[in-house]
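Read off the chains here:
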Amino acid sequence: MFRAKLKDTWRMFRRMTIRKAVNALKVYLSFHLGRWSGTALHWGMPVSFAIEPTTACNLRCPECPSGLRAFTRPTGNLKMDFFRSALDALSPYACNLTFYFQGEPYINPQFLDMVAYAESRGIYTVTSTNGHFLDDKNVKRTLDSGLSRIILSIDGTTQETYEQYRKEGDLKTVLQGAERLVKARRESGLDHPYIIFQFLVTSANEHQVSQIHRLAETIGVDEVRLKTAQFYHFENGNDLMPRDERYSRYTRSGDGRYRLKNGLEDQCWRMWHSCVITWDGKVVPCCFDKDASVRLGDLKLQAFGAIWKGEAYRAFRQKLLRGRKFIDICKNCSEGSRVWA
């Protein structure tokens with residue numbers, strides 16, 4: 001696993017150019033100067049960004065707007081022409097692209113064509129999937145696309161625990177897909193995509209943390225990541241909230257109510273180095289704005305540079321520096337409460 005991680009890191013590092021390195025330095029310096037001065041000083045362009053292949057999903061996860069079919073924004077698929085124009089504007093500066101926001105990426109029939117295009121432009125690509133679409137055809141297309149990293153959501157080692165959160169999901173299908181991908185990667189002689197099992201820890205599966213590590217090793221997956229679960233209404237607890245607080249982004253107060261572990265300092269690196277683009281071109285601050293309620297621009301109407309350096313973005317960064325706890329999309333932020341087990 002260490003060798004695979006080293007190769008993945010080298011694959012990411014190779015995407016760096018002098019122009020990208022200078023841009024990253026400008027962003028880093030402006031972030032720290034902005035924190036120190038309390039002003040929304042910003043230099044450079046995004047170092048990384050996420051784009052949403054689709055808002056559609058095949059599952060019904062209880063704390064996900066895609067699963068709940070609870071969006072107020074439209075559901076649809078990212079189109080190739082728009083994707084190319086967005087990527088062309090950002091690829092000279094950005095090193096990393098995450099093909100995920102909401103929805104299941106593999107539902108978009110052009111998803112892997114977009115990955116291939118991004119890889120051809122020198123971008124390290126990542127996606128996150130529930131793993132139900134990794135049949136022989138999609139595994140071959142995934143390898144052919146050059147995808148750098150894939151995150152598979154595996155939230156249980158038995159169907160009984162898995163379906164407590166992944167409603168209407170089938171663990172056997174997901175594990176077979178993972179085995180298929182590992183086998184095909186090995187037979188092709190490739191060292192990518194780097195494969196991660198992401199384990200969302202809940203009260204239903206927290207007793208299986210050690211088991212998911214053994215399962216990943218048996219299949220040949222490169223890494224296991226434990227993730228804390230988000231709950232929209234957490235103050236009074238939730239039946240799926242882990243009992244072991246190491247695996248929770250919340251802690252119980254003296255009055256019996258729950259609060260976020262994260263102290264929500266008035267700063268956020270994400271607002272300086274990355275952004276999220278929805279399938280229909282809206283630019284939003286980060287992945288915690290799931291319903292795209294904070295719209296900082298529209299790429300179908302404006303150039304990205306005008307949005308990134310525009311008044312709406314500057315005002316949002318300034319608002320964050322003055323009082324992050326007053327911003328709704330920050331109230332469930334997991335920064336500062338990650339799981340390292």
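Conventions we followed
- Residues numbered from 1 in each chain as written.
- Predicted model: local features only at pLDDT ≥ 70, side-chain atom pairs only at ≥ 80, totals over all residues.
- Heavy atoms only, no water.
- Helix = DSSP H or I, 4+ residues; strand = E, 2+ residues; numbered from the N terminus.
- Buried < 20%, exposed > 50% of the residue type's maximum accessible area, 1.4 Å probe, protein only.
- Contact = heavy atoms within 4.5 Å.
- Areas by Shrake-Rupley, 256 points an atom, 1.4 Å probe, with all protein chains shown as cover.
- Lys, Arg positive; Asp, Glu negative; His and termini not counted.
- Charge placed at Lys NZ, Arg CZ, Asp CG, Glu CD.
- Phe/Tyr/Trp six-rings, centres within 6.5 Å; stacked < 30°, edge-to-face > 60°.
- Lys NZ or Arg CZ within 6 Å of the ring centre and 35° of its normal.
- 1 Å grid on protein atoms, 1.4 Å probe; cavity = no way out; pocket = protein on both sides within 12 Å on 5 of 7 lines; lining within 4 Å.
- Points joined across faces, edges and corners; volume = space filled by probe spheres on them.
- Nonpolar A, V, L, I, M, F, W, Y, C, P; charged D, E, K, R; others polar.
- Disulfide = S-S within 2.5 Å.
- Core = buried A, V, L, I, M, F, W, Y, C linked by side-chain atoms within 4.5 Å.
- Pairing = 2+ DSSP bridges.
- Salt bridge = Lys/Arg side-chain N within 4 Å of Asp/Glu carboxyl O.

A. Spatial organisation of the overall build of the chain. Within the chain one finds 12 helices and 11 strands. Projected onto its principal axes, the C-alpha positions of the chain cover 55 × 50 × 40 Å. For the chain, the residues scored as buried account for 56% of the 341 residues in total. Counting only contacts in the chain whose residues sit at least 6 apart along the sequence, the fraction spanning at least 24 positions is 69%. Counting only carbon and sulfur atoms, one obtains 53% of the accessible surface of the chain, whose full area is about 15,600 Å². Taking the average location of the 51 positive side-chain charges in the chain and that of its 37 negative ones, the two points are 5 Å from each other.

B. Structural view of the packing of aromatic side chains. Per the counting criterion, the structure on display carries 12 aromatic pairs. Ring geometry for Phe83 against Phe99: centres 5.5 Å apart, planes inclined by 45°, an arrangement best described as tilted. One end of the pair, Phe83, is in helix 4 (residues 80–90); the other, Phe99, is in strand 2 (residues 96–99), with 16 residues separating them in the sequence. Assessed through its relative accessible area of 1%, Phe83 is described here as buried. Residue class for Phe99 comes out buried when judged on its relative accessible area of 0%. When the ring centre of Tyr117 is taken as reference, the NZ or CZ atom of Arg84 above it lies at 5.4 Å.

C. Local environment of the layout of surface pockets. Of the volumes computed, that of the second largest pocket is approximately 370 Å³. The wall of the second largest pocket is formed by 17 residues, among which Gln230, Tyr232, Phe288, Asp328 and Ile329 lie closest to the centre. Classifying every residue of the lining of the second largest pocket gives eight nonpolar, three polar and six charged.

D. Layout of the state of the cysteines. Inspection of the entire model under this criterion finds zero disulfides. Take Cys333: it sits in no disulfide, and the sulfur closest to it among the cysteines is that of Cys268, at 6.1 Å.

E. Seen up close, the nonpolar core. Phe83, Leu97, Phe99, Phe197 and Ile277 are the most contacted members of the largest nonpolar core, which has 88 residues in total. Excluding residues that lie within four positions of it along the chain, Phe99 makes contacts with Ile51, Pro53, Phe83, Pro105, Phe111, Met114, Val115, Ala118, Thr125, Val126, Thr127 and Ser128. Formed by six residues, the second largest nonpolar core is a distinct cluster that contains Ala4, Val126, Tyr194 and Ile196.

F. Representation of the sheet that holds strand 5 (residues 194–201) in the model. Strand order in the open sheet formed by nine strands is 6-5-4-3-2-1-9-10-11, with mixed pairing between adjacent strands. Two strands close off the open sheet at either side, each with one partner strand: strand 6 (223–228) and strand 11 (297–298). Here strand 2 pairs with strand 3 (residues 124–129) via four bridges, running parallel. Of the residues in strand 3, the one forming a bridge with Phe99 is Thr127.

G. Spotlight on the pattern of salt bridges. Taken as a whole, this structure holds 18 salt bridges when the rule is applied. Between Arg73 and Glu52 there is a salt bridge, with the nearest N and O atoms lying 2.8 Å from each other. One end of the pair, Arg73, is in the loop between helix 3 (65–68) and helix 4; the other, Glu52, is in the loop between strand 1 (48–51) and helix 3, with 21 residues separating them in the sequence. Each of the two residues, Arg73 as well as Glu52, counts as buried. Members of the salt-bridge network, linked through shared partners, are Lys5, Glu223 and Arg225.

H. Region of interest: the pairing of strand 9 (residues 274–277). The alternating pattern of strand 9 places Ser274 and Val276 on one face and Cys275 and Ile277 on the opposite face, and all of these are buried. The pairing of strand 1 with strand 9 spans four bridges and is parallel. Bridge pairing in strand 9 places Ile51 opposite Ile277. Pairing geometry for strand 9 and strand 10 (residues 282–284), over two bridges, is antiparallel. Note on strand 10: the bridge partner recorded for Val276 is Val284.

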